[in-house]
Amino acid sequence: MIGGAAVWLYLALGRIAGISGIATQALLRSRENLWPLMFIVGLGVGGWLAYFFVGPRAFPPFDQSQLMPLLFGGLLVGFGTRLGSGCTSGHGVCGIARFSMRSLVATTTFLIIGIITATGLALL
Amino acid sequence: MKNLSGFLAGLLFGMGLVVAGMTDPEKVLAFLTVGAQWNPSLIYVLGSAVVTASIGFAWVNRRMAPLFDESFHSPSSFVVDKRLLAGSVLFGLGWGTAGYCPGPALVGVMTLDHRAALFLIAFIVGVLIYERWFSPTSDLLSRA
């Protein structure tokens, strides 16, 4: 489904489905182009609909120990995706599918660093 | 048509993320934490999406132009530089810490997951800090 969505966006608009880039455009450039915002709206509606098929989900109660990892992680991901021009969808899915060397290097890097980080934190 | 196409792409993408389990940060962290509890299932999500997109992109590239625009807008840079590497390192650190990347966080907010909301607020701050003080150009469209 994710791959199909990426192909559809490329077929229809000729755009790469990189969510970090689309989200940034939706945030800062919606006056020039509305489709990025519509993509984000679709993303939310699609996710919401899918829960009806997957079944209702109970979130774990708010745990204060999660606060710092979520905020710190969000800050790094926000800054990192702009500096590195992409995230899991843009580099990991679309970039590798286009045989882009930049994306292959980026994906390998963030997967390895992500695994080291998560494994290291779990050991603490 | 552009807006409708964007909406439909997002719709399918969002459903895919939920079905794949990417919207559960604990599952993502279980995938990124190598050890006794390692859950490698998300590698199949990434792998199948790449294979599907790869076949689809090759098919679409036989066209002269996309359906609703005059030309394709693929990123044209092929240079692996320090910005790409540094950005990917920071992204990996954040992803491994929080268990969220941007897509699943956006879906999570819509389903009123407080974890996604906290992550997304910080994500937006991170993007704005970059755009305000570190962006070399304002040309976002070519770098999506």
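Before any of the text, the structure's been laid out above.
The present account deals with the structure reproduced in this document. The shown structure was predicted, so the numbers you read here are calculated from the model rather than taken from an experiment.

## Structural notes on the overall build of chain B
Right, so step 1: The number of helices and strands found in chain B is 6 helices and 0 strands.
Right, so step 2: Sequence-ordered secondary structure for chain B, helices as α and strands as β, is α-α-α-α-α-α.
Right, so step 3: Considered along the principal axes of its C-alpha atoms, chain B spans approximately 50 × 35 × 30 Å.
Right, so step 4: Looking at chain B as a whole, 47% of its 144 residues qualify as buried.
Right, so step 5: For chain B, the share of sequence-separated contacts (at least 6 apart) that also reach a separation of at least 24 residues comes to 42%.
Right, so step 6: Both charge centroids of chain B, one from 9 positive and one from 8 negative side chains, sit 4 Å from each other.

## Let's talk about helix H2 (residues 19-28) of chain A
Right, so step 1: Most of H2(A) is tucked away: 8 of the 10 residues are buried.
Right, so step 2: Regarding H2(A), the residues found buried are A:Ile19, A:Ser20, A:Gly21, A:Ile22, A:Ala23, A:Thr24, A:Gln25 and A:Ala26.

## Things to note about helix H3 (residues 42-60) of chain B
Right, so step 1: With 19 residues, H3(B) extends 27 Å between its outermost C-alpha atoms, agreeing within 8% with the 27 Å of an ideal straight helix rising 1.5 Å per residue.
Right, so step 2: Among the residues of H3(B), those classed as buried are B:Leu42, B:Val45, B:Leu46, B:Ala49, B:Val50, B:Ala53, B:Ser54, B:Gly56, B:Phe57 and B:Val60.

## Thoughts on the interface of chain A and chain B
You'll often see interface size given as the accessible area lost when the parts meet.
Right, so step 1: Across the boundary between the two partners, chain A contributes 96 residues, which contact 98 residues of chain B.
Right, so step 2: For the pair chain A and chain B, the summed buried surface comes to about 9,100 Å²; carbon and sulfur atoms form 77% of the total.
Right, so step 3: Here A:Arg102 makes a salt bridge to B:Asp81, at a shortest N to O gap of 3.8 Å.
Right, so step 4: On inspection of chain A and its partner chain B, the count reaches 16 residue pairs in polar contact (both at pLDDT 80 or more).
Right, so step 5: Looking at the side of chain A that touches chain B, the elements that each hand over two or more residues are helix H1 (2-13), H2, helix H3 (35-54), helix H4 (67-83), helix H5 (88-97) and helix H6 (101-123) of chain A.
Right, so step 6: Top contributing element to the side of chain A that touches chain B by residue count: H3(A), with 17 residues.
Right, so step 7: Class assignment of the residues belonging to the side of chain A that touches chain B gives a composition of 61 nonpolar, 29 polar and 6 charged.

## Examining the side chain of A:Thr119
Right, so step 1: Its place among the elements puts A:Thr119 in helix H6.
Right, so step 2: For A:Thr119, a relative accessible area of 16% gives the class buried.
Right, so step 3: Here B:Leu32 takes part through its backbone oxygen, which lies 3.2 Å from a polar atom of the side chain of A:Thr119.

## What to know about the nonpolar core
Right, so step 1: Membership of the largest hydrophobic core comes to 62 residues, with the highest contact counts inside it found for A:Phe39, B:Phe13 and B:Phe57.
Right, so step 2: Sort the elements by how many residues they give to this core and H1(A) lands first, with 9 residues.
Right, so step 3: Sequence-distant contacts of A:Phe39, defined by excluding residues within four places in its chain, comprise A:Leu9, A:Ile19, A:Ile22, B:Gly6, B:Phe7, B:Ala9, B:Gly10 and B:Phe13.

## Observations regarding empty space enclosed by the protein
Right, so step 1: Under the defined criterion, the tally for this structure stands at 2 cavities of 30 Å³ or more.
Right, so step 2: Within this model, the largest cavity holds a volume of roughly 200 Å³.
Right, so step 3: Around the largest cavity sit 20 residues that line it, and A:Thr88, A:Val93, B:Leu17, B:Met22 and B:Leu46 are the ones nearest its centre.
Right, so step 4: A per-element tally of the lining of the largest cavity places H3(B) first, with 5 residues.
Right, so step 5: Taken together, the residues of the lining of the largest cavity break down into 17 nonpolar, 3 polar and no charged.

## Side note on the environment of A:Val45
Right, so step 1: Here A:Val45 is to be found in helix H3.
Right, so step 2: When its relative accessible area of 24% is taken as the criterion, A:Val45 is described as partly exposed.
Right, so step 3: In this view, A:Val45 contacts B:Phe7, B:Leu11 and B:Met110; residues no more than four positions away in its chain are not counted.

## Details of the environment of A:Ala17
Right, so step 1: Mapped onto the secondary structure, A:Ala17 falls in the loop between H1 and H2.
Right, so step 2: Accessibility expressed as a relative area gives 0% for A:Ala17, which makes it buried.
Right, so step 3: Distance in space between the C-alpha atoms of A:Ala17 and A:Ala6 is 5.3 Å, their sequence separation being 11 residues.
Right, so step 4: When neighbours within four sequence positions are excluded, A:Ala17 is seen to be in contact with A:Ala6, A:Leu9, A:Ile22, A:Ser89, A:Gly90, A:Cys94 and B:Phe13.

## Digging into the pattern of salt bridges
Right, so step 1: According to the stated counting rule, one finds 5 salt bridges over all chains in the structure shown.
Right, so step 2: Close ionic contact of A:Arg82 with B:Glu131 constitutes a salt bridge, the shortest N to O distance being 3.5 Å. With A:Arg82 in helix H4 and B:Glu131 in helix H6 (residues 114-134), this residue pair bridges two chains. Judged on exposure class, the residue A:Arg82 and its partner B:Glu131 are both buried.
Right, so step 3: Between B:Arg115 and B:Glu26 there is a salt bridge; the shortest N-O distance is 3.7 Å. Linking B:Arg115 in helix H6 with B:Glu26 in helix H2 (residues 25-32), this pair joins segments that are 89 residues apart in sequence.
Right, so step 4: Taking relative accessible area as the criterion, B:Arg115 reaches 3% and is therefore assigned buried.
Right, so step 5: Relative accessible area serves as the criterion here: at 46%, B:Glu26 is assigned to the partly exposed category.
Right, so step 6: What you see here is one network of salt bridges that share partners, running through B:Glu26, B:Asp113 and B:Arg115.

Calculation notes
- As a convention, each chain's residues are numbered from 1 in the sequence order in which they are written.
- To label them, take the chains in the order written and letter them from A, then take the ligands in the order written and number them from 1.
- Per-residue local features are limited, in this predicted model, to residues with pLDDT of at least 70; the limit for side-chain atom pairs, both in listing and counting, is 80 or more; totals at the level of whole chains, interfaces and linings are taken over all residues.
- The basis for the side-chain values is all heavy atoms of the structure; hydrogens and waters are excluded.
- Helix and strand assignments come from DSSP, with helices taken as H or I runs of at least 4 residues and strands as E runs of at least 2, each series counted from the N terminus.
- Note on exposure labels: buried denotes an accessible area under 20% of the residue type's maximum, exposed denotes more than 50%, and partly exposed covers the range between, all computed with a 1.4 Å probe on protein chains only.
- Only heavy atoms matter for contacts: two residues are in contact if any of them lie within 4.5 Å across the pair.
- Counted as positive: Lys and Arg. Counted as negative: Asp and Glu. His and the chain ends are not counted at all.
- Charge placement uses NZ in Lys and CZ in Arg. For Asp and Glu, CG and CD serve respectively.
- Multiplying one less than the number of residues by 1.5 Å gives the expected span of a helix.
- Once two parts are joined, some of their accessible surface, as seen by a 1.4 Å probe, is lost; buried area is that loss totalled over both.
- Salt bridges are defined by distance alone: a side-chain nitrogen of Lys or Arg within 4 Å of a carboxyl oxygen of Asp or Glu.
- Contacts described as polar in this section are N or O atom pairs within 3.5 Å, which, within protein, must combine one atom able to donate a hydrogen with one able to accept it, while residues neighboring in sequence count only if both atoms come from side chains.
- Residue polarity is assigned by list, with Asp, Glu, Lys and Arg as charged and Ala, Val, Leu, Ile, Met, Phe, Trp, Tyr, Cys and Pro as nonpolar; anything else, Gly included, falls into the polar class.
- We call a set of buried Ala, Val, Leu, Ile, Met, Phe, Trp, Tyr and Cys residues a nonpolar core when their side-chain atoms join them within 4.5 Å.
- Grid points spaced at 1 Å and placed over the protein atoms alone form the basis of the search, with a cavity being a set where a 1.4 Å probe fits but cannot get out and a pocket an open set showing protein on both sides within 12 Å along at least five of seven lines. Lining residues have an atom within 4 Å of a point.
- Grid points are joined across faces, edges and corners, and a volume is the space filled by probe spheres set on the points.

So yeah, pure geometry; function would need other evidence.
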